[in-house]
Amino acid sequence: MKRLLKKAIKPFLPSYEVVTTTYQVIPGLPITKKLSTHSFEKGESKEAKAFYGKVVSSDFTKKLAPVEVQLRVAGITIKKAQYGPFQNFDKKKIAQN
């Protein structure tokens, strides 16, 4: 009965994704960014939150700075971590890919 209820509810649950944006800053050139998205099935909130936690706490992620990591639910960012000098970025100079 419980399994049947989960199958009936799953299509209505939101999908999750962890988006990592790395920025490449070269003086005199526009700032470029690269998006990396890891998507999760509908209703996989525990898995998505655990993956987000691993990415944010990773030393490798911190060494990539400047980098931004977002946990999104149905396209809306609910958690965000930033490493690097984001306050110094001129948003107009970021090249759109």
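Note that the coordinates shown come from a computational prediction; the quantities given were computed from them, not determined experimentally.

A.B. asks: Please explain the overall build of the protein chain as it appears in this structure.
C.D. replies: Scanning the protein chain from N- to C-terminus turns up three helices and four strands. The helix and strand sequence of the protein chain, counted from the amino end, reads α-β-β-α-α-β-β.

A.B. asks: What is the right way to read the pairing of strand 3 (residues 67-73) from this model?
C.D. replies: Here strand 3 lies mainly inside the structure; six of its seven residues are buried. When strand 1 (residues 16-24) meets strand 3, the two strands line up antiparallel, connected through seven bridges. Paired with Thr-21 across the two strands is Glu-68, which belongs to strand 3. Bridge count between strand 3 and strand 4 (residues 76-83): seven bridges; the pairing is antiparallel. Paired with Val-69 across the two strands is Ala-81, which belongs to strand 4.

A.B. asks: Just checking my understanding: could you explain helix 2 (residues 45-57) for this structure?
C.D. replies: Quick reminder: α-helices carry 3.6 residues per turn. Residues three or four places apart thus point the same way. Here helix 2 contains 13 residues, and its C-alpha end-to-end distance of 18 Å stays within 8% of the 18 Å for a straight helix at 1.5 Å per residue. Where helix 2 is concerned, the buried positions are Ala-48, Tyr-52, Val-55 and Val-56. Looking down the long axis of helix 2, one finds its buried residues gathered within 95° of arc, a one-sided arrangement. Facing away from the buried side of helix 2 by over 90 degrees, the exposed positions are Lys-46 and Lys-54.

A.B. asks: It is not clear to me how the environment of Val-18 should be interpreted in this structure. Could you clarify?
C.D. replies: As for its placement among the helices and strands, Val-18 is situated in strand 1. Put simply, Val-18 and Tyr-52 are 34 residues apart on the chain and 6.2 Å apart in space, counted from C-alpha to C-alpha. In this view, Val-18 contacts Ser-36, Thr-37, His-38, Phe-40, Ala-48, Phe-51, Tyr-52, Val-69, Gln-70 and Leu-71; residues no more than four positions away in its chain are not counted.

A.B. asks: Hey, could you run me through unusual backbone geometry in this one?
C.D. replies: Excluding glycine, residues mostly have negative phi values, and the peptide bonds linking residues are mostly trans. Notably, Ala-74 is not glycine yet its phi reads approximately 50°, a positive angle. Topologically, Ala-74 is positioned in the loop between strand 3 and strand 4.

A.B. asks: Would you mind showing me how to read the pairing of strand 1 here?
C.D. replies: Regular strands place their side chains on alternate faces of the sheet. Note that strand 1 and strand 2 (residues 32-40) share nine bridges and pair antiparallel. Bridge pairing in strand 2 links Val-19 to Thr-37.

A.B. asks: Which parts of the structure should I look at to understand the environment of Phe-51?
C.D. replies: By secondary structure assignment, the location of Phe-51 is in helix 2. Of the residues examined, Phe-51 reaches a relative accessible area of 27% and is grouped as partly exposed. Along the backbone, Phe-51 and His-38 are 13 residues apart, and their C-alpha atoms lie at a distance of 9.1 Å. With sequence-adjacent residues up to four places away left out, Phe-51 is seen in contact with Val-18, His-38 and Phe-40.

A.B. asks: Looking at this model, I keep getting lost on the nonpolar core. Mind explaining?
C.D. replies: Across soluble globular proteins, nonpolar side chains have a tendency to be buried as a group. Counting 13 residues, the largest nonpolar core has Val-18, Tyr-52, Val-56 and Val-69 as the members making the most contacts within it. Counting residues per element, the ones that place at least two in this core are strand 1, helix 2, strand 3 and strand 4. When near neighbours in sequence (up to four residues on either side) are disregarded, Tyr-52 contacts Val-18, Val-69, Gln-70, Leu-71, Lys-79, Lys-80 and Ala-81.

Cut-off values and rules
- Just so you know, the residues in each chain are numbered from 1, in the order the chain's sequence is written.
- For this predicted model, a pLDDT threshold of at least 70 governs which residues receive local features, and a threshold of 80 or more governs which side-chain atom pairs are given and counted, while totals over whole chains, interfaces and linings are taken from all residues.
- Side-chain metrics rest on all non-hydrogen atoms present in the structure, leaving aside hydrogens and water.
- In this text, helices come from DSSP runs of H or I with a minimum length of four residues, and strands from runs of E with a minimum of two, each type numbered from the N-terminal end.
- We call a residue buried when its accessible area falls under 20% of the maximum for its residue type, exposed when it is over 50%, and partly exposed in between, using a 1.4 Å probe and counting protein chains only.
- Two strands are said to pair when DSSP picks up at least two bridges between them.
- To estimate the expected span of a helix, subtract one from its residue number and multiply by 1.5 Å.
- Each direction from the helix axis to a C-beta atom contributes to the arc, which is the arc of those directions.
- Any pair of residues with heavy atoms lying within 4.5 Å of one another is described as a contacting pair.
- For our purposes a nonpolar core is just a set of buried Ala, Val, Leu, Ile, Met, Phe, Trp, Tyr and Cys residues, chained together by side-chain atoms within 4.5 Å.

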